[in-house]
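Coordinate analysis (summary)
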Amino acid sequence: MVGELAYNPERMYAFEEAGHQLYGLWAKPRFCYSTVGPLPFGHIKDIPYECWQERICEIRPDIIYAQLSTGAIDIAYEVLKANMGIPFVWHFKEGPHEAMKAGLWDKLIDLYTYADGRIYLNDVIKDWFQLFIPNYVKSVPTYVLDGDLPKADCFYSGTFAEKLSATDGAVHTVVTGRMIGLSPGELRALADANIHVHVYNENYISDSLVMSKFHKAAPDHFHIHNHCSQLQWVNEFSKYDAGWLHSYDSFNEKNLLRANWSDLNLPARINTIGSCRYSYDIKVKRKPCYCNVVSMWENVAWAFFTIPYNELISQLKNRSVISQTEHNVRSHRMEFTFDYHVPDLICFFREVIETVNRNRKIVNVWKNLYCA
């Protein structure tokens, strides 16, 4: 592994459980969540940066799995450029716009152009990158996978709790992370409909100036909670009727080239909320054509897409809709764990290895013919 692991890094232990040996060549952390080794779990063997080429030559790994966010681009590109003769897979977690702002576009597009295998966050961002990859190098193995899915253990830990709504008749919703796009005025409209919003995020809610505006708008319907660990996700978050994701306006007007970071990215909290079997809510004032969250969630029918808030409020208060959506979520929840995808991911790695070996044989045949 080359780069960093971001959220839910313990997912890598699923590889060890499947019988594989892992090594880690780590990037310099860009953010507080840019997880790198040494890791307090598993048996991942760290590779010192000072002698990484020599160490990799000693190990001779079957594949290089480079990942995950903008902070990993530099070291992943360095390894790719070194051309170690080992099949190289590049997996990018987020929308490309942060990389552009950081001056890393050339390296990012080279990683997707010259990698032996490409993993995309979702189908929409795959189409987006295909606009910039030269046609003559497009035929390499590809795979689609969210980059920081949690380990399945946290989905099995704990039991589902009774809904808060069962005791007071109100609707209770939860924000696991930053409260993006929900204004005090909109919170007031929710409160008037007896809909509560519960926020779990210690970093964000420490801003007392921001929080005071929400408290003032809905003093009895806005609640702040401490951090909730993974092992408590099911117990704690299953109390709520629905969870909030990013709420934003999209203006791409069905033009993929105009898609922005929010259109292409997947919120990390999707998987957190997915552990708890209930529905998602998202408010998109202008429903975009090229918005990955729309294309993904409509396939499993577990999200609400509403334009005006009165429609959202109506859906949240419709118990039959909530119940049906929750059933759909429960049927798919394990798909939002890394363990679920490990067998297919290993098959993909083997496909990449076989493709590289086959291409090398073809090149050697042509070399022999040319020399002859």
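Residues numbered from 1 in each chain as written. Predicted model: local features only at pLDDT ≥ 70, side-chain atom pairs only at ≥ 80, totals over all residues. Heavy atoms only, no water.

Right, let's talk about the sheet that holds strand E4 (residues 64-68) for a bit. On the basis of which strands lie adjacent, the open sheet formed by 7 strands has the order E3-E2-E1-E4-E5-E6-E7 and parallel pairing. The strands lining the two open edges of the sheet, one partner per strand, are strand E3 (45-46) and strand E7 (142-144). (Pairing = 2+ DSSP bridges. Helix = DSSP H or I, 4+ residues; strand = E, 2+ residues; numbered from the N terminus.)

Generally speaking, nonpolar side chains in soluble globular proteins are found buried as a group. In terms of nonpolar packing, the biggest core is built from 51 residues, with Ile73, Phe88, Trp90, Leu108, Leu111, Tyr112 and Phe129 touching the most fellow members. Broken down by element, the residue count for this core peaks at 6 residues, all from helix H3 (residues 73-82). Listed in part, the 25 residues of the second largest apolar core include Tyr65, Val89, Val342 and Val352. (Core = buried A, V, L, I, M, F, W, Y, C linked by side-chain atoms within 4.5 Å. Buried < 20%, exposed > 50% of the residue type's maximum accessible area, 1.4 Å probe, protein only.)

With that settled, the discussion passes to helix H9 (residues 184-192). Those residues of H9 that sit buried are Glu186, Leu187, Leu190 and Ala191. Across the axial projection of H9, the buried residues extend over an arc of 145°, all falling on one side. Facing away from the buried side of H9 by more than 90 degrees, the exposed set consists of Gly185 and Asp192. Remark: Asn194 follows H9 within two positions and exhibits a positive phi of approximately 65°. (Arc of directions from axis to C-beta.)

This structure, assessed with the given rule, holds 20 aromatic pairs. When the centroid spacing of 5.9 Å and the interplanar angle of 85° are considered together, the rings of Trp105 and Trp128 count as edge-to-face. With Trp105 in helix H5 (residues 105-114) and Trp128 in helix H6 (residues 123-130), this pair connects stretches of sequence that are 23 residues apart. Assessed through its relative accessible area of 23%, Trp105 is described here as partly exposed. (Phe/Tyr/Trp six-rings, centres within 6.5 Å; stacked < 30°, edge-to-face > 60°.)

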